[in-house]
Amino acid sequence: MQTNVLGYPRIGSNRELKKANEAYWAGKISLEKLQMTARQLRRQNWETLKSAGIDLIPSNDFSFYDQVLDMCLMTGTIPARFRSLMETQASVSSPELYFAMARGYQKNGFDITAMEMTKWFDTNYHYLVPEFDTTQQYSLLYNKCLEEFKEALSLGIHTKPVLIGPISFLLLGKVKDEQLQVADLLDKLLPVYIQLLQSLQQAGATWVQIDEPTLVLDLTPAQQSLFQYAYNKIRAAVPSLKIILTTYFGGLQDNTELTLKLPVDALHIDLVRAPEQLDAILAALPANITLSVGVVNGRNIWKNNYEQALQLIKKATAVLGEERVLIATSCSLLHSPYDLDLETDEAVLTPQIKNWMAFAKQKVRELTDLQQIAAGNTAALAANTAAMKERSTAAIIHKPAVKARLAALTAADAERKSAFPARQKAQEAVLKLPLFPTTTIGSFPQTEDIRKLRADFKKGVITPAAYETSIRKAIQESVALQESLRIDVLVHGEFERNDMVEYFGEQLEGFVFTKNGWVQSYGSRCVKPPVIYGDVQRNAPMTVEWSSYAQSLTSKPMKGMLTGPVTILQWSFVRDDQPRADTTLQIALAIRDEVVDLEQAGIRVIQVDEPAIREGLPLRQADWQAYLDWAVKAFRVSVSGVEDATQIHTHMCYSEFNDIISNIAAMDADVITIETSRSQMELLEVFSVFKYPYEIGPGVYDIHSPRVPTVAEMTELLEKAIQLLPARNIWVNPDCGLKTRKWPETEQSLRNMVAAAQNMRVAV
Ligand code: GLN
Ligand code: ZN
């Protein structure tokens, strides 16, 4: 049985790629230096995999920025707006064009916007969205894939080149011109793919991995029919190249039959996300096809459970025989941090917890362990079984009180005392807000000083008392400013928060943080998600002191500011030993305690942010309802412990609610604030059609740009809003938090925003 790695993290053990890229962009290092760093990283990865004994080692999984962007350049899928840049400034293989497409280009009289970026399936990785237009001429402009195959070969390593398949490349992109048909585009792209594959065949490649992850999505019959067509053509053109068709992030389900008909040599399936598909595939896999079983999770940080993985492997070998089974990672290891061995600080990550974990390098070892064990050499099994057993009962994970509380949850815990109309009256009586009340979303500018203050406190350079004094001063200033601007519902400014999830994770039991557990989010941006390893519990109030201090400075309502349970879950590495819904509800109960404590401390308006609800939607429509049910329940549990007169807000920084509006309404939040300014309020229509009964703050200005919006334009947006929804229910606020802005523009923008609200009060 052979081992197969679908892809390896490219950022380097110390984020070398991030640093080199950013230094290059800043003009601090030469192109040669950047390329040297890249070569070193590729070499390191190949050698790591080779010395670990991996049989199918990926190449072309490296990318300076993004593998989909690489595919665009390889195939000539260059958006029209970059054409003039190509003609005058930059050749196709030059980093100038490449980085311009990724990041935009504002130089030498050009002002070209970057390509759009979006989430890669349900991961936190973002890819650049290919744009297909009528002006494009597809051709093999530059053969990165071949170059990297040869580069590995020159180091004595025979690799398996990795490509994004033609159908997924097309379906993940945007067709810009209406007259363009996907089927025609495929006809134009296929010759380029074929030329590329032929060049690999010629250079001596044996296996090539073609990723078609769109096979785990809901496809239309027209989309389904593209696969057979494309792969027949490819097969005919490269008869002796062995193709592994890879699918991941879900099961093939209704795409199984068509997939099994494709003329390929091996099929990869994700048995971590969809173990149930194994039976159906084993029953129908044609005799000439090898099966790559993805049993080692490429997307989390947990040690593989060898006994469970071996059951799947044995099931496969019993039907197919050992020669026809590859033991593989479920997907590329791009989504895992680099190397657990680098976590040496036992104060940060205790040896006990560390022993339950595996990063990319350790996951590679898991593949060869499984290979050995399956072959009868069971040396590695005992330690793994012991770790699994210890984890299943460890007291730091399993807290009877938390489990009991979760088990005792009733429907009533997810219900406010009264229905919204009664609450609205009670809140009106207490809060006495004007029509078109003004507020902000929570954070104020995070200046250099504020960042330094937090960093110094973390390092122990300043005392807790000094830290507190400085944060209080920042709060004071922000309150004074908001009062002078005549904002109605104030915020404290979130100066004490580094990140809206980390801040809570650091204070909750059941979370742990790593020193170096970085994962690429996009380009040079990496994130270090918290790890939820055990039952979640709140030991002490987390925000009450700051909020009540802020409230003590003003007679206006001060809004308490919390992150919601779904968002905390979504932006963390989540434990794999219980359903996500249970973990979310545990977090919800912890947030509920905080909400109640805020109320007790005299906070009458509390916002629970849930910007990640939408991105948690499952890949398949059929799974949406179940997810939305528990996500909405978790939110309701977190906010339902308060009196009618306490006003609950939520915030989401997107506005596509068309398909989930009834679930958003089911959250039963008294006020929702959303992003709408860039769509000119058009996206508010769905709320209108739905007759959304709650109060709503459609963002009146875009916080992504330093531009100061005028009073007139915000007034105009509000006028549109009251065409769609009752004026009584409209709040006035920016699209999102202001932490990335500077103070001068923030002050000016808010001044104009309040003036727009005042205009509206006069007008209605
Ligand atoms: N309260 C947070 C802030 O203002 C919300 C951030 C977000 O929506 N992503 O920063
Ligand atoms: Zn937001």
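Since the model is a prediction, treat every value here as computed from it, not as a measurement.

A separate point is the overall build of the protein. Check the secondary structure of the protein and you find 28 helices and 21 strands. Over its C-alpha trace the protein gives a radius of gyration of 27 Å, about what one expects of a compact globule, namely 27 Å for 764 residues. Principal axes of the C-alpha set define a box for the protein whose edges measure 75 × 65 × 50 Å. In the protein, which comprises 764 residues, the proportion classed as buried is 47%. A sequence separation of at least 24 residues applies to 79% of the contacts in the protein between residues at least 6 apart.

With that settled, consider the UniProt feature "binding site: Zn(2+) 1" (unreviewed entry) in the protein. According to UniProt, the "binding site: Zn(2+) 1" (unreviewed entry) feature falls on His651, Cys653, Glu675 and Cys736. A maximum C-alpha distance of 8.8 Å among these annotated residues, which run over 86 residues, shows that they cluster at one spot. Of note, His651 is situated in strand S19 (residues 647-652). In contact with His651, not counting residues within four places along its chain, are Ile441, Gln607, Asp609, Pro611 and Thr673. Given 26 C-beta atoms within a 10 Å radius, Cys736 is considered buried. Each residue touching Cys736, except ones within four places of it in the same chain, is listed here: Ile441, Cys653, Glu675, Gly699 and Ile703.

Okay, the site of ligand 1 next. Residues in close proximity to ligand 1 total 13 residues, the closest being Ile441, Gly442, Ser443, Pro611 and Gly737. In terms of residue class, the shell around ligand 1 is made up of six nonpolar, four polar and three charged.

The strand order S17-S18-S19-S20-S21 describes an open sheet built from five strands, whose pairing is parallel. The two strands at the open ends of the sheet, each matched to only one other strand, are strand S17 (559-563) and strand S21 (695-698). In this sheet, adjacent strand axes meet at a mean angle of 20° when their direction is disregarded. In the sheet, S17 pairs with strand S18 (residues 605-609) via five bridges, with the strands oriented parallel. Residue Thr563 lies in a different strand from S18, and its bridge partner there is Asp609.

Here we come to helix H1 (residues 16-25). Among the residues of H1, Leu17, Ala20, Asn21 and Tyr24 are the ones counted as buried. Looking straight down H1, one finds its buried side chains confined to an arc of 100°; they lie on one side. In the core, the buried residues of H1 are packed alongside helix H2 (31-52).

With that settled, consider the nonpolar core. The biggest cluster of nonpolar side chains holds 205 residues, and the ones touching the most others in it are Met101 and Val293. If one sorts the elements of this core by residue count, helix H23 (residues 580-600) sits on top with eight residues. Val293 has contacts with Ile269, Leu271, Leu312, Ile313, Ala316, Val325, Leu326, Ile327 and Ala328, leaving out every residue within four places of it along the chain.

Inspection of the secondary structure puts Thr48 in helix H2. Take Thr48: there are 19 C-beta atoms within 10 Å of it, and that puts it in the partly exposed class. Sequence separation between Thr48 and Lys361 is 313 residues; the distance between their C-alpha atoms is 8.0 Å.

In the numbering used here, UniProt assigns the feature "binding site: Zn(2+)" (unreviewed entry) to His651, Cys653, Glu675 and Cys736. Within the secondary structure, Glu675 is located in the loop between strand S20 (671-674) and helix H26 (685-690). The class of Glu675 is buried, set by 23 C-beta atoms lying within 10 Å. For Glu675, the contacting residues outside a window of four places in its chain are Cys653, Tyr654, Ser655, Gly699, Asp735 and Cys736. Inspection of the secondary structure assignment puts Cys736 in the loop between helix H27 (711-724) and helix H28 (743-763).

Spatially, the eight strands line up as an open sheet ordered S1-S12-S11-S10-S9-S8-S6-S2, and their pairing is parallel. Edge positions in the sheet fall to strand S1 (2-4) and strand S2 (58-59), since each has one partner strand and no second. Note: strand S8 (residues 207-211) against strand S9 (residues 242-246), five bridges, orientation parallel. Note on S9: the bridge partner recorded for Trp207 is Lys242. Along the sheet face, helix H12 (residues 306-320) touches strand S11 (290-296) and strand S12 (325-329) and points at about 170° away from the line of S11.

So, on to the pairing of strand S6 (residues 160-164). Across the five residues of S6, five count as buried, placing the element largely inside the fold. Burial along S6 is two-sided: Lys160, Val162 and Ile164 and Pro161 and Leu163, pointing in opposite directions, are all buried. Examined bridge by bridge, S2 and S6 share two bridges and lie parallel to one another. Paired with Pro58 across the bridge in S6 is Lys160. The pairing of S6 with S8 spans three bridges and is parallel. Paired with Ile164 across the strands is Asp211, a residue of S8.

So, how was this worked out
Residues numbered from 1 in each chain as written. Chains lettered and ligands numbered in written order. Predicted model: local features only at pLDDT ≥ 70, side-chain atom pairs only at ≥ 80, totals over all residues. Helix = DSSP H or I, 4+ residues; strand = E, 2+ residues; numbered from the N terminus. Rg over C-alpha atoms; globule rule 2.2 N^0.38 Å. Buried ≥ 20, exposed ≤ 12 C-beta atoms within 10 Å, placed from the backbone. Contact = placed C-beta atoms within 7 Å. UniProt positions renumbered as here; feature names shortened; annotations may be inferred. Near = placed C-beta within 6 Å. Nonpolar A, V, L, I, M, F, W, Y, C, P; charged D, E, K, R; others polar. Pairing = 2+ DSSP bridges. Axes fitted to C-alpha atoms, helices over the stretch in contact; angles between N-to-C directions. Arc of directions from axis to C-beta. Core = buried A, V, L, I, M, F, W, Y, C linked by C-beta atoms within 7 Å.

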